[in-house]
Amino acid sequence: LQLFKKLGYKVKEEIYSFYFTRESVKRISYKRSEEITTRSFNRTQLTREIEIFNYLNNAIFFGSYGYIPRTLEDDRGFVQSFLSILDDDLVIIAEDQKRKPIGFLICLPDSYQALKGEPITRGRVISVGVLPDQRKNGVGSAMVAHLIENLLQKGYETVEGSWVMKSNLGPQLLAKRFNAKRGREFILMEKQL
């Protein structure tokens with residue numbers, strides 16, 4: 001890091017990963033809100049689920065660092081490319097009392113374990129997001145609690161939540177609430193040429 005700084009690079013963003021283990025999360029008790037419901041991804045309603053993902057993805061991340069808005073067709077291709085490795089129980093969608101989608105969490109099984117013929121015991125959270133007007137309502141906690149229940153039932157041992165930007169405090173607080181430990185750290189650097 002010091003070498004890059006001497007060469008004129010500046011830190012653009014620090015990025016963290018967080019590790020959840022079976023032992024640390026099973027001690028958590030969580031009271032569900034009556035105003036928020038969570039459910040697993042429903043593959044039999046794939047067209048609707050892709051529309052929800054596209055709506056939420058653009059509404060949640062629009063204007064965020066590095067985000068490029070995606071069309072429904074973009075997200076259809078994205079979701080379909082993951083269907084073969086997707087475990088529907090590890091994709092959580094949050095809805096309000098009117099069944100309007102307000103957040104999503106995507107966790108993928110560790111496909112490298114499957115390729116080696118090992119039982120899958122690890123997962124990786126690749127995205128979690130909540131609509132801006134719902135961020136203080138416990139939606140993230142409800143989705144993580146639902147995910148943890150499903151992971152524990154399926155025998156998962158560890159989950160990594162990765163690529164959490166230092167400036168994005170919501171996921172960091174959520175990880176801390178569920179006893180996650182900070183793991184690998186990454187730094188994005190930039191230099192004017």
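Reference entry: report on the structure contained in this document. Fair warning: this is a prediction, and the values are worked out from it, not measured in the lab. (Residues numbered from 1 in each chain as written. Predicted model: local features only at pLDDT ≥ 70, side-chain atom pairs only at ≥ 80, totals over all residues. Heavy atoms only, no water.)

Across its full length, the chain carries seven helices and seven strands. Tracing the chain from N to C terminus, the helices and strands come up as α-β-α-β-α-α-β-β-α-β-α-β-α-β. For the chain, whose C-alpha radius of gyration is 18 Å, the value lies close to the compact-globule estimate of 16 Å for 193 residues. With the C-alpha coordinates aligned to their principal axes, the bounding extent of the chain is approximately 55 × 40 × 35 Å. Taking all 193 residues of the chain together, the buried fraction comes to 41%. The contacts in the chain between residues at least 6 apart in sequence include a share of 74% that link residues at least 24 apart. Carbon and sulfur atoms provide 53% of the accessible area of the chain, an area that totals close to 11,800 Å². Within the chain, the 23 negative side-chain charges are centred at a point lying 7 Å from the centre of the 30 positive side-chain charges. (Helix = DSSP H or I, 4+ residues; strand = E, 2+ residues; numbered from the N terminus. Rg over C-alpha atoms; globule rule 2.2 N^0.38 Å. Buried < 20%, exposed > 50% of the residue type's maximum accessible area, 1.4 Å probe, protein only. Contact = heavy atoms within 4.5 Å. Areas by Shrake-Rupley, 256 points an atom, 1.4 Å probe, with all protein chains shown as cover. Lys, Arg positive; Asp, Glu negative; His and termini not counted. Charge placed at Lys NZ, Arg CZ, Asp CG, Glu CD.)

Moving on, we get to the nonpolar core. Phe 20, Leu 105 and Leu 147 are the most contacted members of the largest nonpolar core, which has 44 residues in total. Taken together, the elements giving at least two residues each to this core come down to strand E1 (10-21), helix H3 (46-61), strand E3 (91-95), strand E4 (101-109), strand E5 (122-130), helix H6 (139-153), strand E6 (158-165) and helix H7 (169-177). Dropping the residues within four chain positions of it, Phe 20 is found in contact with Val 25, Glu 157, Thr 158, Val 159, Gly 161, Ala 175, Phe 178 and Ala 180. (Core = buried A, V, L, I, M, F, W, Y, C linked by side-chain atoms within 4.5 Å.)

For the rest of this paragraph, the subject is unusual backbone geometry. Although it is not a glycine, Arg 99 sits at a positive phi angle of roughly 70°. Tracing the backbone shows Arg 99 in the loop between E3 and E4. Its identity as a non-glycine residue notwithstanding, Trp 163 has a phi of 60°, on the positive side. Tracing the backbone through its elements, the reader meets Trp 163 in strand E6. Judged by relative accessible area, Trp 163 falls into the exposed class, the value being 52%.

Read from one edge to the other, the open sheet built from seven strands follows the order E2-E3-E4-E5-E6-E1-E7, with strand pairing classed as mixed. Sheet topology places strand E2 (37-40) and strand E7 (181-190) at the edges, where each strand pairs with a single neighbour. Sheet twist, expressed as the average angle between the axes of neighbouring strands with direction ignored, equals 20°. By the bridge criterion, four bridges tie E2 to E3 in an arrangement that is antiparallel. Across the sheet, Arg 39 pairs through a bridge with Ile 93, a residue of E3. Sheet strands touched by H3: E2, E3, E4 and E5. Its angle to E4, the strand with the most contacts, is close to 105°. (Pairing = 2+ DSSP bridges. Axes fitted to C-alpha atoms, helices over the stretch in contact; angles between N-to-C directions.)

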